[in-house]
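The residues making up each chain are set out below.
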Amino acid sequence: MPEGDTVWLACRQLNAALAGRVLTRCELRVPQLATTDFTGVEVREVVSRGKHQLTRFANGWTLHTHLRMDGGWRVYPTGRKWTGGPAWQIRVLMVNAEAAAVGYRLPVTEMVRTDAEDSVVGHIGPDLLGPDWDADEALRRIRADPERSVGEALLDQRNLAGIGTLYRAETLFLQGVHPRTPVGQVKDLPRVVARAKMLLEANKNTHDQITTGNRRLGSHWVFERPGQDCRRCGTRIETEEFGPAGVERRSYWCPHCQPEPDGPRSARTRPAL
């Protein structure tokens, strides 16, 4: 699933193509919006909220979309052929005199009043890349459940918005914290949150997601490197899935650089390589 930096960049590109321009063609190719046509309406702005995209129109409505696993946006000069997939995968089409924004395979596509956006994004926590980022509020939410693993807490968008499995793995490696460490045992939780924000900020203007700081070293420290040697100490990287039943997410860590916390592990599963 695209993480906060990827969504932020997509919205910035959409905003550059659409904001302040009147649509000459608009199609929402989902059953519940089949009769909605904003042709002739100006797009005010396109902004991200965590992993959500909000396209705000001058008529007081907002198009809410989410990429989840398979969605994607493409922007083309008006008149150029669209190459992001077959036509039947297009869910949203917004065209003006200069550009065409085409949304492919968008699993979430809905309209809400702009003054009621909280009905679709009000549940999520402070946005790591948002203008109203509030580290203290994010920490308060995370600390509300001190027995929960820090790995689960960081992925919970109700705590803070924008982190996925990539930035969870890399943040915790850089801070030397095992993903199953209970929140209450993390020695410097503010630094963990600050590190996550730093990584997202560093990558938000590019499609590359480099967390090592050096492409020659490799893009990532532990993410998607199970069974390979740790770039710091040479220990084999381990991986497993854990989390609430039905929504388990894959985690990666170095057993030497991120020692396992003391005490019993809930729902322990043998690491799979």
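Residues numbered from 1 in each chain as written. Predicted model: local features only at pLDDT ≥ 70, side-chain atom pairs only at ≥ 80, totals over all residues. Heavy atoms only, no water.

A. Summary view of the packing of aromatic side chains. Inspection of every chain in the model, using the stated rule, returns three aromatic pairs. Between F38 and F57, the ring centres sit 4.8 Å apart and the planes meet at 85°, which makes this aromatic pair edge-to-face. A residue pair is termed long-range when its members are at least 10 positions apart, and F38 in the loop between β1 (25-28) and β2 (43-49) and F57 in strand β3 (residues 52-57) qualify at 19 residues. One exposure class covers both F38 and F57, and it is buried. Its guanidinium or amino end placed over the ring of F242, R180 lies 4.5 Å from that ring's centre, counting from NZ or CZ. One residue, R232, lies across the ring of W221, its end atom 5.1 Å from the ring centre. (Phe/Tyr/Trp six-rings, centres within 6.5 Å; stacked < 30°, edge-to-face > 60°. Helix = DSSP H or I, 4+ residues; strand = E, 2+ residues; numbered from the N terminus. Buried < 20%, exposed > 50% of the residue type's maximum accessible area, 1.4 Å probe, protein only. Lys NZ or Arg CZ within 6 Å of the ring centre and 35° of its normal.)

B. Focus on the packing of helix α5 (residues 165-175) against helix α6 (residues 189-203). As a packed pair, α5 and α6 sit with axes 9 Å apart at the nearest point and diverge in direction by 125°. By the angle between their directions, the pair α5 and α6 is classed as oblique. When the axes of α5 and α6 are compared, the crossing they make is right-handed. Facing Y167, E170, T171, L172, L174 and Q175 of α5, the residues of α6 in contact are R191, V192, R195, A196, L199, L200 and N203. Taken together, the residues of the contact of α5 with α6 break down into seven nonpolar, three polar and three charged. (Axes fitted to C-alpha atoms, helices over the stretch in contact; angles between N-to-C directions. Parallel < 35°, antiparallel > 145°, perpendicular 65-115°, else oblique. Left-handed = near helix turned anticlockwise from the far one by under 90°. Contact = heavy atoms within 4.5 Å. Nonpolar A, V, L, I, M, F, W, Y, C, P; charged D, E, K, R; others polar.)

C. Looking closely at the UniProt feature "domain: Formamidopyrimidine-DNA glycosylase catalytic" (unreviewed entry) in the protein chain. Mapped onto this numbering, the UniProt entry annotates "domain: Formamidopyrimidine-DNA glycosylase catalytic" (unreviewed entry) at residues 2-111. Overall, residues 2-111 shows 14% helix and 41% strand. The separation of its end C-alpha atoms is 22 Å. (UniProt positions renumbered as here; feature names shortened; annotations may be inferred.)

D. Up close: the nonpolar core. Membership of the largest hydrophobic core comes to 36 residues, with the highest contact counts inside it found for I142, V150, L154, L160, I163, F173 and L189. If we ignore the near neighbours within four places in the chain, the residues touching V150 are L172, V177, H178, P179, T181, V183, V186 and L189. F38, F57, L67 and W73 belong to the second-largest nonpolar core, a separate cluster that totals 24 residues. (Core = buried A, V, L, I, M, F, W, Y, C linked by side-chain atoms within 4.5 Å.)

E. Geometry of the pattern of salt bridges. Enumeration according to the criterion identifies 14 salt bridges in this entry. The partner of E117 in a salt bridge is R56, with the nearest N and O atoms 2.8 Å apart. With E117 in the loop between β8 (108-113) and α2 (118-121) and R56 in strand β3, this residue pair connects regions lying 61 residues apart in the sequence. As far as burial versus exposure is concerned, E117 and R56 are alike and both buried. Several salt bridges share partner residues, and in doing so they unite R44, E45, R56 and E117 into one network. (Salt bridge = Lys/Arg side-chain N within 4 Å of Asp/Glu carboxyl O.)

F. Fine view of the pairing of strand β4 (residues 61-66). The element β4 is extensively covered by neighbouring structure, given that five of its six residues are classed as buried. Two elements, β3 and β4, share five bridges in a ladder whose sense is antiparallel. Pairing of T55 across the sheet is with L63, part of β4. The hairpin formed by β3 and β4 contains three residues between the paired strands, and G60 there has a positive phi angle of roughly 90°. Of the pairings in the sheet, the one linking β4 to β8 comprises six bridges and is antiparallel in character. Note on β8: the bridge partner recorded for H66 is V108. (Pairing = 2+ DSSP bridges.)

G. Representation of the packing of helix α3 (residues 135-143) against α6. Running from N to C, α3 and α6 cross one another at 120°; their axes reach a closest spacing of 10 Å. Regarding the angle of α3 to α6, the classification is oblique. Our pair here, α3 against α6, has a crossing hand that is right-handed. In this structure, α3 uses L139, I142 and R143 to contact α6, whose residues at the interface are L189, P190 and V193.

H. Main features of the UniProt feature "domain: FPG-type" (unreviewed entry) in the protein chain. Feature annotation in UniProt places "domain: FPG-type" (unreviewed entry) on residues 221-259, given in this structure's numbering. As annotated, residues 221-259 has a helix share of 0% and a strand share of 26%, and its two end C-alpha atoms lie 16 Å apart.

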